[in-house]
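Examination of the molecular architecture
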Amino acid sequence: MSSVIGSDSMKISVVIPTRNHANRITAPLKAILTQTLPAGRYEVIVVDNGSTDDTAQMLDQLVSEALNLRWVSEPEVGKSAARNRGIRESSGEIVLFMDDDILVMPDHLERHLAHHARVSEAVAILGRVKDISSIQPAWLEDYFHSRQWMIGPQTATGLNPLHFVTTNVSLRRDLLTEARIGDTNPPLYFDPAFAMRQDGELGHRLGKVGVQMVLAEDIVCYHDHPRDLRAILRRSHGAGYATAQLIEKHPELERQATKLLSASPFMKY
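Position numbers for residues count from 1 along each chain, tracking the sequence in the order it is written. Owing to the predicted nature of the model, reporting of local features is limited to residues with pLDDT of at least 70; listing and counting of side-chain atom pairs is limited to 80 or more, with chain, interface and lining totals taken over all residues. Note: side-chain values were computed over all heavy atoms of the structure, leaving out hydrogens and water.

**Digging into the overall build of the protein**
- Scanning the protein from terminus to terminus reveals nine helices and ten strands.
- Working definition: with a 1.4 Å probe on protein chains only, accessible area under 20% of the residue-type maximum means buried, over 50% means exposed, and in between means partly exposed. Residues classed as buried in the protein amount to 51% of the 269 residues present.
- In what follows, a contact means two residues having at least one pair of non-hydrogen atoms within 4.5 Å. Expressed as a percentage of contacts within the protein between residues at least 6 apart in sequence, the contacts between residues at least 24 apart total 82%.
- The protein chains shown are the only cover counted for residues, whose accessible areas, like all others here, come from Shrake-Rupley with a 1.4 Å probe. Entry remark: accessible area of the protein is about 12,000 Å², with carbon and sulfur atoms responsible for 54%. Helix numbering and strand numbering both begin at the N terminus, where a helix is a DSSP run of H or I of at least 4 residues and a strand a DSSP run of E of at least 2.

**Concerning the environment of Val-129**
- By the secondary structure assignment, Val-129 is in strand 6 (residues 123-131).
- By relative accessible area, which is 6% here, Val-129 ends up buried.
- Remark: the alpha-carbon pair of Val-129 and Tyr-222, spanning 93 residues in sequence, is separated by 5.7 Å.

**Quick word on helix 4 (residues 108-117)**
- Looking only at helix 4, the buried set comprises His-108, Leu-109, His-112, Leu-113, His-115 and His-116. Along helix 4, the residues classed as buried sweep out an arc of 155° about the axis, all on the same side. When we speak of the arc, we mean the arc of directions from the helix axis to the C-beta atoms.

**So, the packing of aromatic side chains**
- Aromatic rings from Phe, Tyr and Trp, with only the six-membered ring used for Trp, were paired whenever their centres fell within 6.5 Å, and each pair was classed as stacked if the ring planes differed by under 30 degrees, edge-to-face if by over 60, and tilted otherwise. Counted under the stated rule, the structure contains one aromatic pair.
- Judged by centre distance (5.2 Å) and plane angle (90°), the rings of Phe-97 and Phe-190 are edge-to-face. Of the two residues, Phe-97 sits in strand 4 (residues 94-98) while Phe-190 sits in the loop between helix 6 (173-178) and helix 7 (198-208), which places them 93 residues apart along the sequence.
- The exposure class assigned to Phe-97 is buried, which follows from its relative accessible area of 0%.

**Thoughts on the pairing of strand 6**
- Where burial is concerned, most of strand 6 is hidden: eight out of the nine residues are buried.
- Where strand 6 meets strand 9 (residues 212-223), nine bridges bridge the pair, whose relative direction is parallel. Residue Val-129 lies in a different strand from strand 9, and its bridge partner there is Cys-221.
- We treat two strands as partners when DSSP finds at least two bridges between them. Direction of pairing for strand 6 relative to strand 8 (residues 168-172): antiparallel, over a ladder of three bridges. When the bridges of strand 8 are listed, Leu-126 appears paired with Val-169.

**Remarks on the pattern of salt bridges**
- For this document, the term salt bridge refers to a Lys or Arg side-chain nitrogen within 4 Å of an Asp or Glu carboxyl oxygen. One pass over the full model with this rule turns up 14 salt bridges.
- Across the salt bridge formed by Arg-205 and Glu-201, the nearest N and O atoms sit 2.7 Å from each other. Remark: Glu-201 and Arg-205 occur in helix 7; sequence separation between them is four residues, near one turn of the helix.
- With a relative accessible area of 9%, Arg-205 lands in the buried category.
- The exposure class of Glu-201 is buried, given its relative accessible area of 0%.

**Focus on the nonpolar core**
- For the purposes of this section, nonpolar cores are sets of buried Ala, Val, Leu, Ile, Met, Phe, Trp, Tyr and Cys residues that join through side-chain atoms within 4.5 Å. Ranked by internal contacts, the top residues of the largest apolar core, which has 27 residues, are Ile-12, Val-14, Leu-29, Ile-32, Val-44, Met-98 and Leu-109.
- The residues contacting Val-44, other than those within four sequence positions of it, are Val-14, Ile-16, Leu-29, Ile-32, Leu-33, Asn-68, Leu-69 and Arg-70.
- In this structure, Val-95, Ala-122, Leu-171 and Phe-190 belong to the second largest nonpolar core, which totals 21 residues.

**Considerations on unusual backbone geometry**
- Geometrically, the link from Gln-136 to Pro-137 is a cis peptide bond, its omega value of 0° lying close to zero.
- Along the chain, Asn-185 connects to Pro-186 via a cis peptide bond; the corresponding omega equals 5°.
- Mapped onto the fold, Pro-186 is located in the loop between helix 6 and helix 7.
- Of note, Asn-20 is a non-glycine position whose phi angle comes to about 55°, a positive value.
- Tracing the backbone through its elements, the reader meets Asn-20 in the loop between strand 1 (12-18) and helix 1 (26-32).
- The class for Asn-20 is partly exposed, based on a relative accessible area of 28%.
- With phi around 65°, Arg-197 is a residue other than glycine that occupies positive phi space.

**Focus: the sheet that holds strand 3 (residues 69-73)**
- Spatial ordering of the open sheet is given by 3-2-1-4-8-6-9-5, a layout of eight strands whose pairing is mixed. Each of the sheet's edge strands pairs with one partner strand only, and the pair in question is strand 3 and strand 5 (102-103).
- Along the sheet, helix 2 (residues 55-63) makes contact with strand 1, strand 2 (42-48) and strand 3, crossing strand 3 at roughly 155°.
- Every axis corresponds to a line fitted to the C-alpha atoms, with the helix fit spanning only the stretch in contact, and the corresponding angles, defined between N-to-C directions, vary from 0 to 180 degrees. Along the sheet, helix 4 contacts strand 1, strand 2, strand 4, strand 6, strand 8 and strand 9; its crossing angle with strand 9, the most-contacted strand, is approximately 170°.

**Quick notes on the side chain of Asp-191**
- Here Asp-191 is to be found in the loop between helix 6 and helix 7.
- Assessed through its relative accessible area of 11%, Asp-191 is described here as buried.
- Counting of polar contacts relies on pairs of N or O atoms within 3.5 Å, with two restrictions inside protein: one atom must be capable of donating a hydrogen and the other of accepting it, and residues adjacent in sequence are counted only when both atoms are side-chain atoms. A distance of 2.6 Å separates the side chain of Asp-191 from the side chain of Lys-249, its partner in a polar contact.
- In this view, Asp-191 contacts Ser-80, Ile-181, Gln-198, Glu-201, Arg-205 and Lys-249; residues no more than four positions away in its chain are not counted.

What follows is the structure, encoded as structure tokens:
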């Protein structure tokens, strides 16, 4: 389950689900399409998950300007379905998962590939996520922007598989195949039964097949998703439900899931 892919040859596929974010996705896409990595070494797959705004028109315009950008429509609503479709549509040896509100630096992809080129083990490379979102009321913004750095310096290895977070994480395609759910057609990687916590659930299955979670402190991206107290409470309720769902599916996680998912070194909201 180990093979080192040369850094000068490996190709990376970026999978980004989106839904009704036509007003926000342009800047993140232009950032990921303006990389120091040659365009022939990577592709960007955007999965439109049932948008009813101008997302399709906006994506058509961007596709006409970038040969390594493609978008597809996935009618089954849910990030699991969208990411599963994106994996199936992609072709890179390395798959990088991002959200549609993540801003990256020009060397983002080169940094991910450099980490993979240095290891022969089965790993998932998790970059840091810094939240720069506007949050109302102001006191809540102060809390969130301080919370993301509350966890002290992390070691490069040894993170729990539940820390697998799809805002800035990459891994080899064959590892996804090894951790897939059953032998379905089409294949399922993220569990569609989960509206949230589907990334941690996949992380747990990746851990079962020997994948290590490696924190790459030098790969930093920026999360820009304005929200208010109502939106945060709604998401927190969903996260709590999904945590119970996770424990029901994997009872062996009962003692650790709540603690780990509430004290993650990454922004979870």
